[in-house]
Amino acid sequence: MTKDYYQILGLQRGASQDEVKKAYRRLSKELHPDKHKGDKEVENRFKSVNEAYEVLGDPQKKQMYD
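Residues numbered from 1 in each chain as written. Predicted model: local features only at pLDDT ≥ 70, side-chain atom pairs only at ≥ 80, totals over all residues. Heavy atoms only, no water.

Q: Let's hear about the environment of K61: which residues, and what values?
A: The topology assignment puts K61 in helix 4 (residues 59-65). Ignoring any residue separated from it by four or fewer positions in sequence, one finds K61 in contact with E54 and V55. (Helix = DSSP H or I, 4+ residues; strand = E, 2+ residues; numbered from the N terminus. Contact = heavy atoms within 4.5 Å.)

Here you go:
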């Protein structure tokens, strides 16, 4: 099953680079492991957000993903 990076970041397909960056920053602050020590579920979600941003934050990777 392929991950839907747009859904992970709470965005709709075709979101702009600025929208991707804003969503990533908001979620990374909210889900940061230092705020939720010992909570593995939040830690895994934080990792998913980072993975999604790696793909959608890079225009070339985003184009390949889309």
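Next comes the rest of the write-up.
Q: Describe the nonpolar core, listing the residues and the values that go with them.
A: Judged by nonpolar contacts, the single largest core of 16 residues is most densely connected at Y5, L9, L11, V20, L31, V49 and L56. Sorting the residues of this core by element identifies helix 1 (5-9), helix 2 (17-31) and helix 3 (40-56) as the ones contributing at least two each. Here the element with the most residues in this core is helix 3; it accounts for six residues. Once you skip the residues sitting within four places of it in the chain, L31 turns out to touch H36, V42, R45, F46 and V49. (Core = buried A, V, L, I, M, F, W, Y, C linked by side-chain atoms within 4.5 Å. Buried < 20%, exposed > 50% of the residue type's maximum accessible area, 1.4 Å probe, protein only.)

Q: Provide a residue-level description of the packing of aromatic side chains, including the pertinent values.
A: One pass over the full model with this rule turns up three aromatic pairs. A centroid spacing of 6.0 Å and a plane angle of 40 degrees characterise the contact between Y6 and Y65, whose relative ring orientation is tilted. With Y6 in helix 1 and Y65 in helix 4, this pair connects stretches of sequence that are 59 residues apart. For Y6, a relative accessible area of 1% gives the class buried. For the pair Y24 and Y53, a centre-to-centre distance of 4.1 Å together with 10 degrees between the ring planes defines the contact as stacked. Taken as a pair, Y24 in helix 2 and Y53 in helix 3 lie far apart in primary sequence, 29 residues in all. By relative accessible area, Y53 is classed as partly exposed at 24%. One aromatic cluster is present, built from ring pairs that chain together Y5, Y6 and Y65. (Phe/Tyr/Trp six-rings, centres within 6.5 Å; stacked < 30°, edge-to-face > 60°.)

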